[in-house]
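One letter stands for each residue in the lines below.
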Amino acid sequence: MTHSPRKILHQQRMERMKEMARPSPSKKGNISVRVSNLYKAFGSNEVLKGINLEVEEGKTTVIIGASGSGKSVLAKHIIGLLKPDKGEIWVGDRDITKLKLSQLNEIRKSFGMCFQMAALFDSMTVMENVAFPLIEHTTMPKAEIRTKVIEVLHKVGLVNVEHLSPSELSGGMRKRVGLARAVILNPTIVIYDEPTTGLDPLLTEEIDNMILDAQKDFQVTSIVISHDIGSVFRIADRVAMLVDGVINFVGTPDELLQSPEPAVQKFITTFG
Ligand SMILES: Nc1ncnc2c1ncn2[C@@H]1O[C@H](COP(=O)(O)OP(=O)(O)O)[C@@H](O)[C@H]1O
Ligand SMILES: [Mg+2]
């Protein structure tokens, strides 16, 4: 049997990805977020059409899917920024779709958010940026805030940058500052929405490592939205794929490669 060079190349690439894959979790742990039968339309645009997803505590779940498939809309539901038309979102033992705003704000503190564009305030120093959630949500004294910020910056690999403006930092450093700000309130869940989109391969790998380190250092549950197949293999314990408004695949990165689902195969060949 002969294979085309393209097919052989593809297979070699898949083999490399498999080697990079992390060992799959041996047994199922506690569920940190459970999305159940979630529907959301904007006018006639039906974006989420019955999403079911379980996010395991302490693990990294990567949500993949084509651009415009509704990944960010799903993330915004999980942190309670959007209300679904139908369905439930359980965070721990509470369905957040049923909560009042004040209760929701309380729950939101358990989430750290890292958006694509680190979204730092350039008019503020790194210290002020990272301290922001502490000033907003706590009554912690100033001196303690300073100590805490320096400690968290240190944990994400940044030393002596407190006095700088974000504009004086490299792209990778800015992402780290964004992460420091996202974890400063000790969240139990961190959501990253396309943290590596638009970055070169080296920086992508650096950010992936940062996500893995954050997982270890802060013992969080990570939900990462991505369309980078390389990142999936570096960081994911589990992968969920969003297609046509539903999750059509959930499994380990290895299982993703083996999946016969045409949409999964298309994704791998397009983005791999
Ligand atoms: N606030 C909104 N109002 C109306 N339509 C929206 C809103 N947010 C997202 N959409 C639409 O929902 C769909 C999914 O968007 P999004 O979740 O941003 O995609 P992805 O993150 O997968 O690229 C798109 O068609 C987008 O135009
Ligand atoms: Mg998006």
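Residues numbered from 1 in each chain as written. Chains lettered and ligands numbered in written order. Predicted model: local features only at pLDDT ≥ 70, side-chain atom pairs only at ≥ 80, totals over all residues.

A. Just the site of ligand 1, in detail. If you check the shell around ligand 1, you find Phe42, Asn45, Val47, Gly65, Ser67, Gly68, Ser69, Gly70, Lys71, Ser72 and Val73 and nothing else. With three residues, helix H2 (residues 71-78) is the largest single contributor of residues to the shell around ligand 1. For the shell around ligand 1, the per-class residue count stands at three nonpolar, seven polar and one charged. (Near = placed C-beta within 6 Å. Helix = DSSP H or I, 4+ residues; strand = E, 2+ residues; numbered from the N terminus. Nonpolar A, V, L, I, M, F, W, Y, C, P; charged D, E, K, R; others polar.)

B. Quick peek at the sheet that holds strand S4 (residues 86-91). With antiparallel pairing, the four strands of this open sheet are ordered in space as S2-S1-S4-S5. Two strands close off the open sheet at either side, each with one partner strand: strand S2 (45-56) and strand S5 (94-95). Packing against the sheet, H2 makes contact with strand S1 (31-42), S2 and S4, and its axis sits at approximately 120° to S1. (Pairing = 2+ DSSP bridges. Contact = placed C-beta atoms within 7 Å. Axes fitted to C-alpha atoms, helices over the stretch in contact; angles between N-to-C directions.)

C. Region of the structure containing the sheet that holds strand S10 (residues 246-251). Across the sheet, which stays open at both edges, the six strands sit in the order S6-S7-S8-S3-S9-S10 with mixed pairing between neighbours. Two strands in the sheet have a free side with no partner beyond their single neighbour: strand S6 (111-114) and S10. The sheet shows a mean angle of 20° between the axes of neighbouring strands, taken without regard to direction. The sheet contact formed by strand S9 (residues 238-243) and S10 spans five bridges and is antiparallel. Bridge pairing in S10 links Leu242 to Ile247. Contacts from helix H6 (residues 171-183) reach S6 and strand S7 (189-193), with the element oriented near 165° to S6. Contacts from helix H7 (residues 201-218) reach strand S3 (60-64), S7 and strand S8 (221-225), with the element oriented near 160° to S8.

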